[in-house]
Amino acid sequence: MRDLESHYHRRGDSILIELKLNSVMQLFNSLDPSPFHEKDLDDDAEAYIVSTAREFSLSTPLHLAIHLPAAAISPESERQLVDGIHHYFDYKSQAAARELRLKLRLGRASLIIGLLFLFACIAARQLLRTWGEGVLYEILQEGLLISGWVAMWRPIQIFLYDWWPVRNLQRLYAKLSDVPIDVRPST
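Let me sum up the structure you'll find in this document. (Residues numbered from 1 in each chain as written. Predicted model: local features only at pLDDT ≥ 70, side-chain atom pairs only at ≥ 80, totals over all residues. Heavy atoms only, no water.)

When helices and strands are counted, the protein chain shows five helices and four strands. In the protein chain, the succession of α and β elements from N to C terminus is α-β-β-α-β-α-α-α-β. In summary, the protein chain has a C-alpha radius of gyration of 26 Å against a globular reference of 16 Å for 187 residues, an excess of more than 25%. Projected onto the principal axes, the alpha-carbon positions of the protein chain cover approximately 90 × 40 × 20 Å. Taking all contacts inside the protein chain whose residues are at least 6 apart in sequence as the whole, residues at least 24 apart take part in 77%. Accessible area of the protein chain: about 11400 Å², with a carbon and sulfur share of 60%. Each charge class in the protein chain was averaged separately, 20 positive and 23 negative side chains, and the resulting centres sit 6 Å apart. (Helix = DSSP H or I, 4+ residues; strand = E, 2+ residues; numbered from the N terminus. Rg over C-alpha atoms; globule rule 2.2 N^0.38 Å. Contact = heavy atoms within 4.5 Å. Areas by Shrake-Rupley, 256 points an atom, 1.4 Å probe, with all protein chains shown as cover. Lys, Arg positive; Asp, Glu negative; His and termini not counted. Charge placed at Lys NZ, Arg CZ, Asp CG, Glu CD.)

Right, dumping it as structure tokens:
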């Protein structure tokens, strides 16, 4: 981690994520008709900020430094820029939290369906045992058992693996929604 941190400037204990822009509008999506403080960030700017922040643990303090030409910096534009970035990542954090809730709801529904199907397959397997013996009956019984367990694949995948990345992304967005931001004149 130390080697990674050596590639970035620091501000006190914080790692600096630096963006050098020619104008404030480079940071925001120009096709978004929303008011300035509610605009989406430009895809490339968001990708750079998020990918840089992902390189460090959530406990690593970060600081965003935006470099602009001195003529483009005013107290009003600086406030709008900071508010816009914080608003955007707060929105992304809330969207990720909704996605996490939906994923866990899907997991619960999948679990109920999977368990019901598994029980039905096991019951059918037991019923098949009473009808006769032989290779065909054994194949059908094993097929029912395997089918029942395959139905459990999706809920197991959701609860063991799928929700972690969404939760981590939500936490990262929440961190970025409060990241300290400086607007500095370009040199």
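On we go from here.
A separate point is the environment of Q26. For Q26, the position within the fold is in the loop between β2 (14–20) and α2 (43–54). The spatial distance from the C-alpha of Q26 to the C-alpha of A45 is 8.4 Å, given a sequence separation of 19 residues. Leave out the neighbours within four places in its chain, and Q26 touches L21 and D42. Of the polar contacts made by the side chain of Q26, one reaches the backbone nitrogen of N22; its length is 2.3 Å. (Polar contact = N/O pair within 3.5 Å; in protein donor to acceptor, adjacent residues only side chain to side chain.)

The next point concerns the sheet that holds β2. Within the open sheet, the four strands sit side by side as β1-β2-β3-β4. Their pairing is mixed. Looking at which strands have only one partner, the edges of the open sheet turn out to be β1 (10–11) and β4 (181–185). Looking at chain direction, strand β3 (residues 62–68) and β4 are connected through five bridges and run parallel. Bridging across to β4, A65 finds its partner in D182. In this fold helix α3 (residues 75–131) packs onto β3 and β4, with an angle of close to 140° to the strand it touches most, β4. (Pairing = 2+ DSSP bridges. Axes fitted to C-alpha atoms, helices over the stretch in contact; angles between N-to-C directions.)

Further remarks concern the pattern of salt bridges. Applying the stated rule across the entire model yields seven salt bridges. Note that D182 and R184 form a salt bridge whose closest N and O atoms lie 3.7 Å from each other. Here R184 falls in the partly exposed class, since its relative accessible area comes to 23%. Each of R11, D182 and R184 takes part in a single network of salt bridges with overlapping partners. (Salt bridge = Lys/Arg side-chain N within 4 Å of Asp/Glu carboxyl O. Buried < 20%, exposed > 50% of the residue type's maximum accessible area, 1.4 Å probe, protein only.)

Here we come to the nonpolar core. Counting 30 residues, the largest nonpolar core has L27, L64, I66, L81, I85 and F89 as its most contacted members. The set of elements that each furnish at least two residues to this core consists of β2, α2, β3, α3, α5 (153–176) and β4. Those residues in contact with F89, other than ones at most four positions away along the chain, are L41, E46, I49, V50, Y173, L176 and S177. (Core = buried A, V, L, I, M, F, W, Y, C linked by side-chain atoms within 4.5 Å.)

Once that is clear, we can look at the pairing of β3. With respect to burial, β3 is a largely interior element, seven of its seven residues being buried. Burial along β3 is two-sided: L62, L64, I66 and L68 facing one way and H63, A65 and H67 facing the other are all buried. As defined by bridge partners, β2 adjoins β3 across six bridges and the pair is classed as parallel. Bridged to I17 within β3 is L64.

A few words now on the packing of aromatic side chains. Throughout the structure, instances matching the rule amount to four aromatic pairs. Ring plane angle 70° and centroid distance 5.4 Å describe the contact between Y8 and F56, whose orientation is recorded as edge-to-face. Of this pair, Y8 sits in the loop between α1 (2–5) and β1 while F56 sits in the loop between α2 and β3, placing them 48 residues apart in sequence. Like F56, Y8 is buried. Following the ring pairs from residue to residue traces out a cluster consisting of Y88, F89 and Y173. (Phe/Tyr/Trp six-rings, centres within 6.5 Å; stacked < 30°, edge-to-face > 60°.)

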